[in-house]
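Topology and contacts: notes
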Amino acid sequence: MARYIFVTGGVVSSLGKGLSSASLAYLLQSRGYKVRIRKLDPYLNVDPGTMSPFQHGEVYVTNDGAETDLDLGHYERFSGITAKQSDNITTGKIYSDVLKRERQGKYLGKTVQVIPHITNRIKEFIKNDVVKEDFVICEIGGTVGDIESLPFLEAIRQFSNEIGRNNTLFIHLTLVPYMKASDEIKTKPTQHSVKELRSIGIQPDIIICRSERTIPIDQRKKISLFCNVDIEDVIETVDVKTIYEAPISFNKEKLDKRVLKFFKIHSKKKANLNPWKKITKLVLNSRDQVNIAVIGKYVELKDAYKSLDEALTHGGIANNLKVNLRRIESDHLNPKQIKQKLNSVSGILIPGGFGKRGTEGKIAAINYARINKIPFFGICFGMQMAIIEFARNQLNIKKATSSEFGPSKASVVGLMSEWSKDGQLIKGTDKNLGGTMRLGSYEARLKKDTKISKIYKTLKIEERHRHRYEVNINFKEKFENKGMIFSGLSPDKKLPETIELKDHPWFIGVQFHPEFKSRPLVPHPLFSSFIKAAKINSKK
Ligand code: GLN
């Protein structure tokens, strides 16, 4: 039977619950166990797909097409376990399921209530789709004390009661602040947070203390005494220099050992930390550097392009160099200043995006990269903008645009329905914006002897998508005659999946999001190749 590990957070948000859960998953998996990681989010959106990245950071996409919390990206990158639709749920989804059932008369005669109906639905989610797993790690979003998290905490309390206290482990992650004025480490916020948790009926078994500096033994004793946990279960996590150090640091603090001890499991196998040690060394010591411009609309918020930033770092790891990101807000990119803003970078990347704002700056940057032969990588919206730039400046379609920005007769990018009906321009039918995009993993076929097929070393790939608009396939010949190759297509040949320029050292656009599949231990070939090209360019 699977054992369940619940991870809650206290005192403040953004303590790194995701990274802690992901590191624990890696450690347990590396000791030979089958692990699943899940996230329960307390907000009312049915999924994060309709939230602005400013609000909630990146929307991560799974193979099976779920738009999820970005923590699922951490999980995948660290543990190597492919996340599924069934690994993320929100309060909004829970309520919408329960209300749907209510309308269908499934609770006939009953008053529908938070307890038991909402909590039952939460418990259903926790147990769902667990087959041969030894451990299921469930991270509860939010902070203990929030109104929104209450039904989740109540549900996991009940769950533990039902499957047996010995089969459930509660980990509570808190902040242990350092007060400069008194030169002291303070345990009181942790005590209060645990008190709050206990008032709901949950006694944590392990407390992970996030701290700026090492927590002295006296303070550890205090936490152990007041929070009712064994001193060895007070585990500190001091800020690491790079996130890749996290599994090493948790192992040093014996987190995996304590978890196994709780479940009375004698593990013979040790966790393999060598890959993380190697990566940490590489990241901290690489002397060579390369500057990459990332031009987007949400660059001010660090988490808005989380997987992308990570994938670029992985590209650096593959080439043994440090990638310096120059985040450029596309709205502020005046086409006249392009040269001055971009002359210190060796590669230009335009990531996914939505809406017209900031597009002229992006198009001007693509033009600069194309003409000056600077490595360019266009991802999803970035590829669509590269198509528009090329259509305007090489095919002379001056009004070339995307129908995402309004109806037009020169939509080189648009909804497929706009050109599939006898070439007649018809309006898209999508009124619902939630979960209606082309989402998840789709196959693409690559053209032989193209740059991209050489990078992937195969002609058949599968990558994750998240977009509504497509490059208009009817323009294929016109583009190809001018040197832009549609190097990858959907298996039915109707949807352009990748583009590249013939006479350019590295100019590639992809309609999908390769960043979602890049992992520190297995960097994505497109990112490795892009960084390599940027490195070559920097030496010129
Ligand atoms: N806005 C574009 C579309 O919907 C691109 C989306 C993206 O970059 N993820 O097609």
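Please refer to the structure higher up on the page.
Before going into details, it helps to say that this report is about the structure given with it. (Residues numbered from 1 in each chain as written. Predicted model: local features only at pLDDT ≥ 70, side-chain atom pairs only at ≥ 80, totals over all residues. Heavy atoms only, no water.)

Details of the overall build of the chain
Secondary structure summary: the chain contains 19 helices and 23 strands in total. In terms of overall dimensions, the chain is globule-like: its C-alpha atoms have a radius of gyration of 25 Å, near the 24 Å expected for 540 residues. Seen through its C-alpha atoms, the chain measures out along the principal axes to roughly 75 × 65 × 45 Å. Counting every position in the chain, which comprises 540 residues, the buried fraction comes to 58%. When contacts within the chain are restricted to residue pairs at least 6 apart in sequence, those whose partners lie at least 24 apart make up 73%. Roughly 24100 Å² of accessible area belongs to the chain as shown, and the carbon and sulfur atoms make up 50% of that amount. (Helix = DSSP H or I, 4+ residues; strand = E, 2+ residues; numbered from the N terminus. Rg over C-alpha atoms; globule rule 2.2 N^0.38 Å. Buried < 20%, exposed > 50% of the residue type's maximum accessible area, 1.4 Å probe, protein only. Contact = heavy atoms within 4.5 Å. Areas by Shrake-Rupley, 256 points an atom, 1.4 Å probe, with all protein chains shown as cover.)

Structural notes on the pattern of salt bridges
A full pass over the atoms with the stated rule returns 38 salt bridges. We note a salt bridge from Arg220 to Glu236, for which the minimum N-O separation is 3.3 Å. Of the two residues, Arg220 sits in helix H8 (residues 217-227) while Glu236 sits in strand S11 (residues 234-238), which places them 16 residues apart along the sequence. Take Glu236: its relative accessible area is 9%, and that puts it in the buried class. A salt bridge links Lys539 to Asp288; the nearest nitrogen and oxygen atoms lie 3.7 Å apart. One end of the pair, Lys539, is in the segment after helix H19 (525-538); the other, Asp288, is in the loop between helix H11 (274-285) and strand S12 (289-296), and 251 residues separate them in sequence. Shared partners join several salt bridges into a network, and the residues in it are Lys34, Arg36, Arg38, Lys84, Asp87, Asp129 and Glu133. (Salt bridge = Lys/Arg side-chain N within 4 Å of Asp/Glu carboxyl O.)

Focus on the site of the ligand
If you check the shell around the ligand, you find Gly352, Gly353, Phe354, Cys380, Phe381, Gln384, Glu404, Arg466, His467, Arg468, Tyr469 and His513 and nothing else. Within the backbone of Phe381, a nitrogen or oxygen atom sits 3.1 Å from an oxygen atom of the ligand. About the coverage of the ligand: the protein hides 99% of its 300 Å² of free accessible area. In a pocket analysis with a 2 Å cut-off to the grid points, the ligand is assigned to the second largest pocket. (Near = heavy atom within 4 Å. Polar contact = N/O pair within 3.5 Å; in protein donor to acceptor, adjacent residues only side chain to side chain. 1 Å grid on protein atoms, 1.4 Å probe; cavity = no way out; pocket = protein on both sides within 12 Å on 5 of 7 lines; lining within 4 Å. Sits in = over half its atoms within 2 Å of the grid points.)

Brief notes about the sheet that holds S12
What the nine strands build is an open sheet, ordered S13-S12-S14-S15-S23-S22-S21-S18-S19; its pairing is mixed. Only two strands of the sheet have a single neighbouring strand rather than two, namely strand S13 (322-329) and strand S19 (460-467). Mean inter-strand twist for the sheet, computed between neighbouring axes without regard to direction, equals 25°. Summarising the sheet, strand S21 (residues 484-489) and strand S22 (residues 496-501) pair through four bridges and their orientation is antiparallel. Of the residues in S22, the one forming a bridge with Ile485 is Glu500. (Pairing = 2+ DSSP bridges. Axes fitted to C-alpha atoms, helices over the stretch in contact; angles between N-to-C directions.)

What about the pairing of strand S2 (residues 35-41)?
The element S2 is largely enclosed, with a buried count of seven among its seven residues. Neither face of S2 is left uncovered, since the one carrying Val35, Ile37, Lys39 and Asp41 and the one carrying Arg36, Arg38 and Leu40 both have all their residues buried.

Read these as geometric descriptors, not functional statements.
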